[in-house]
Amino acid sequence: MQKSAMAAPRGRTEMTSAQPEGGKGEQSGGAGPEAAGLSPGGEEKRRRQRESEKQSCENRSNLKSKSSKRKKGDEETEGSEKRKKENSEGAEEDQSTKEELSLAASEEKANPPASSLVVLGDYDRKPVNTLLFSFPPPQVQPFLPQWLAQPKLVQKRIKDNLIPIGDVPGIHPWLLKKLQMNGIESFFPVQAEVIPAILQSASNGYLMGRGGYRPRDICVSAPTGSGKTLSFVIPIVQVLLNRVVCQVRALVVLPTKELAQQVSKVFNIYTDGTGLKVVLITGQKSFAKEQEMLVQKKVTGYCSLADIIVATPGRLTDHISQTPGFSLMQLRFLIVDEADRMIDDMHQNCLNQIVKAAFQVENDSGSNMLFQRTKPGPITAASSCYPQIPLQKLLFSATLTQDPEKLQQLDLFQPRLFTSVYSEKKTLGDGTETEQDTNKKYTLPEGLSQCYVPCDLNSKPLLLLHFMLTMKFSRVLCFTNSREASHRLFLLVQAFGGVTVAEFSSRLPPNERRRTMKEFEQGKIQLLISTDATARGIDIKGVNYVINYDAPQFIRTYIHRVGRTARAGEVGVAFSLVLRIQERRFLRMLKDAGIQDVKKNPVKGNSLKPLVQQYEEALCKLEKTVKNERAQKRA
Ligand SMILES: Nc1ncnc2c1ncn2[C@@H]1O[C@H](COP(=O)(O)OP(=O)(O)OP(=O)(O)O)[C@@H](O)[C@H]1O
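Remember, it's a predicted structure, so these values are computed and weren't measured experimentally.

Asker: What's the story with the UniProt feature "domain: Helicase C-terminal" (unreviewed entry) in the protein chain in this structure? I'm lost.
Answerer: Listed under "domain: Helicase C-terminal" (unreviewed entry) in the UniProt record, and renumbered for this structure, are residues 463-609. Across residues 463-609, helical content stands at 38% and strand content at 18%; the span's end C-alpha atoms are separated by 11 Å.

Dropping the structure here:
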């Protein structure tokens, strides 16, 4: 990927015009007796100069160590991990370099160094003329676009900031009733901010932006379980309430079938009784069946059977290319949930195809010629002559990337960012205010307590059993790093006995996964051992504990996993079993993300002893079961 000047690489050079020595000093007689230290003020001036240089050096070395500490990545588990790691590492480097440069600039301002011109980048003072020959050439100082630098802040604390639904302006009375019928009396902070923003952007009806202008795209970064789903479901249903013709006006894309199912369920609740049609496209039904759900052929041409589509990327692109009459030409809202994951290479292409399909010129004589649209470009007299149906993008995630370049791949239009990621001001004992968590990149739910248990490989199963049987943990979602690991652990706990346990991974067919999830939600299963298939977005009510049986390798995986508990303002506890060899890396990963309050919670060997004999018997049973399974597979 080509990098723009916005994200210049490390070691950039920049000129800073600074004070005396050869610059201003020269003009005011720098070569005269004062500069040579012969005048009465000369000694004082040199002392100040020496101090200023010393300060400058200190500042630079501080920055240097700060910079090296920060060069780590936001990474992601799924898909092209390595590339992602590289990308995000690059992004963070860019970010920290930006911070360094602005910090350095302000510090330089406060303590002007003695030399006339300095080169920033390797923090060594260099004479100005080296700039002329420096390679690579100087680059433009990067800056954070205003929409990222000045986002709309969303309160993190849910329970303290509930807003009665009637106090949020502009919501249709019918929807207010519907919300109440579903037990929603108050909006969560993210909903109270985002719902009016989306409604406002469609205040002239969905066929046009506010005041006839193209509406701004919206990005939302709020913690897991903070209610992001309703913050787009409610305004979209409201905006489409009065639609006359059924056309695909809203499309939600999500990375997995389970998530798509979950979101379509919420849409179904709030469209029930409206005549709006919600269609789920995930490949769980046959392609032909899905085609029947999407379009109908009539004598006059094809007509849409869907107002709102909730889809996974693969199946959706198949329909774009292969389903006759399937049109996104009237698409008004493109919602990208779990957006950071959807921007990954794997899904990026899908998003491009959607946008392309949305601006495709239709030859079909049945198309609506009154409201047409052309690919957005500069506003001209011609383009403003006829009404354009705008396509507005709405991006949501608990770990939305703040790398402008990555977000820019989505071709966002004057985006607005709503975020709960901000540093908090704390008042000290003496009344002064201090900023906390300045390197904070993600926000976790308020009610979440986090612990980690240092351990070795052999004690991990015993620790899990200890939590379940001795500590009597209930409603536990336990994550491993692979399907095989989940399966083995499930067999082992089952062989040990005493715990209602199930597994969840792509090893199991979809119906079985659905059933398991339902039973877990109903409390019939106390321990669900899962892969990262349930790590993102899945909303399971009543999870008390998350256990990272295998420590997650990437910070975003950690955030989404632990976010399966402490949802909707509730409390929850996350335990991570961390091998001693992983401990340093694990803690650094959390620290780099600004996550500080993770307590060390060692478990004494003595506590595990009572379980050992039964555990060894379970191991023998496990060995037999695995052998049987292998034999069955071969047969
Ligand atoms: N205003 C509300 N009042 C009560 N419960 C709510 C409200 N809004 C959402 N919820 C509930 O909160 C839970 C979490 O909501 P949701 O799944 O939308 O979170 P999210 O922000 O999308 O989380 P994630 O990032 O993990 O996907 C759901 O069970 C939802 O029903």
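And the narrative resumes.
Asker: What am I meant to see in the site of the ligand here?
Answerer: By nearness alone, 21 residues border the ligand, and Ser-186, Gln-191, Lys-228, Thr-229 and Asp-539 come closest of all. With respect to the ligand, the side chain of Gln-191 contributes an N or O atom lying 2.8 Å from a nitrogen atom. One of the backbone nitrogen or oxygen atoms of Gly-227 is found 3.1 Å away from an oxygen atom of the ligand. Contributions of two or more residues to the shell around the ligand are made by strand E5 (186-187) and helix H8 (228-240). When residues of the shell around the ligand are assigned to their parent elements, the largest contribution, 3 residues, is made by H8. Each residue belonging to the shell around the ligand can be placed in one class, and the counts come to 7 nonpolar, 8 polar and 6 charged. Counting contributing residues per domain, the shell around the ligand is built from domain 1 (146-361 + 388-421) and domain 2 (448-634), each supplying no fewer than three.

Asker: How should the environment of Ser-576 be read in this particular structure?
Answerer: For Ser-576, the position within the fold is in strand E22 (residues 572-579). Each C-alpha atom, one on Ser-576 and one on Leu-254, is 27 Å from the other, the two residues being 322 residues apart in sequence. Leave out the neighbours within four places in its chain, and Ser-576 touches Cys-451, Tyr-452, Val-453, Asn-548, Tyr-558 and Phe-586. Among the polar contacts made by the side chain of Ser-576, one reaches the side chain of Asn-548 at a distance of 3.0 Å.

Asker: Is there a simple way to explain helix H19 (residues 583-592) in this structure?
Answerer: Residues separated by three or four positions in an α-helix point in the same direction, a consequence of the helix having 3.6 residues per turn. Looking at H19, one finds that the buried residues are Glu-583, Phe-586, Met-589, Leu-590 and Asp-592. Immediately downstream of H19, the backbone of Gly-594 shows phi near 85 degrees, a positive value.

Asker: Sorry if this is basic, but what is going on with the packing of aromatic side chains here?
Answerer: Between two aromatic rings, the relevant description is the distance of the centres plus the angle of the planes. Under the criterion given, the structure shown has 8 aromatic pairs. Geometrically, the ring pair formed by Phe-232 and Phe-267 is tilted, given 6.2 Å between the ring centres and 45 degrees between the ring planes. Remark: Phe-267 occurs in helix H9 (residues 257-271) and Phe-232 occurs in helix H8; sequence separation between them is 35 residues. Given the relative accessible area of 0%, Phe-267 is considered buried. An angle of 55 degrees between the planes, with centres 6.1 Å apart, marks the rings of Tyr-452 and Phe-586 as tilted. Here the residue Tyr-452 occupies a position in strand E17 (residues 448-455), and Phe-586 occupies one in helix H19, the gap between them amounting to 134 residues. Here the two residues Tyr-452 and Phe-586 agree in accessibility, since each one is buried. Through pairs of rings, three or more aromatic residues link up here, namely Phe-467, Phe-473, Tyr-545 and Phe-575. Between Arg-332 and the ring centre of Phe-333, over which it is positioned, the NZ or CZ distance is 4.4 Å. Taking the ring centre of Tyr-549 as reference, the NZ or CZ of Lys-460 above it sits at 5.0 Å.

Asker: What am I meant to see in the pattern of salt bridges here?
Answerer: Close approach of charged atoms allows side chains with opposite charge to pair. Counted according to the given criterion, the structure contains 18 salt bridges. Salt bridges here are not isolated pairs; linked through shared partners, they connect Glu-338, Asp-340, Arg-536 and Arg-556.

Asker: I would appreciate a short explanation of the sheet that holds strand E23 (residues 598-600) in the present structure.
Answerer: In a beta sheet, neighbouring strands pair by backbone hydrogen bonds and run either parallel or antiparallel. Spatially, E19-E20-E18-E21-E22-E17-E23 is the arrangement adopted by the 7 strands of the open sheet, whose pairing is parallel. On the outer flanks of this sheet lie strand E19 (501-504) and E23, each paired with one strand and no other. Taken pair by pair, the neighbouring strands of this sheet meet at an average axis angle of 20 degrees, ignoring direction. Pairing of strand E18 (residues 476-479) with strand E20 (residues 527-530) involves 4 bridges; the strand directions are parallel. Following the sheet pairing, Val-476 is matched in E20 by Leu-527. Set on the sheet, helix H17 (residues 510-521) makes contact with E18, E19 and E20; between it and E19 the angle comes to about 135 degrees.

Asker: Just checking my understanding: could you explain the side chain of Gln-191 for this structure?
Answerer: By the secondary structure assignment, Gln-191 is in helix H7 (residues 189-201). Here the side chain of Gln-191 touches Phe-188 through a polar contact of 2.9 Å, landing on its backbone nitrogen.

Asker: How should I be thinking about the sheet that holds strand E6 (residues 218-221) in this particular structure?
Answerer: Spatial strand order, E3-E14-E6-E13-E12-E7-E11-E8: 8 strands in an open sheet with parallel pairing. Looking at strand neighbours, the two that pair on one side only are strand E3 (152-153) and strand E8 (278-281), the edges of this open sheet.

Conventions used here
Residues numbered from 1 in each chain as written. Predicted model: local features only at pLDDT ≥ 70, side-chain atom pairs only at ≥ 80, totals over all residues. Heavy atoms only, no water. UniProt positions renumbered as here; feature names shortened; annotations may be inferred. Helix = DSSP H or I, 4+ residues; strand = E, 2+ residues; numbered from the N terminus. Near = heavy atom within 4 Å. Polar contact = N/O pair within 3.5 Å; in protein donor to acceptor, adjacent residues only side chain to side chain. Nonpolar A, V, L, I, M, F, W, Y, C, P; charged D, E, K, R; others polar. Domains from an automatic or database assignment. Contact = heavy atoms within 4.5 Å. Buried < 20%, exposed > 50% of the residue type's maximum accessible area, 1.4 Å probe, protein only. Phe/Tyr/Trp six-rings, centres within 6.5 Å; stacked < 30°, edge-to-face > 60°. Lys NZ or Arg CZ within 6 Å of the ring centre and 35° of its normal. Salt bridge = Lys/Arg side-chain N within 4 Å of Asp/Glu carboxyl O. Pairing = 2+ DSSP bridges. Axes fitted to C-alpha atoms, helices over the stretch in contact; angles between N-to-C directions.

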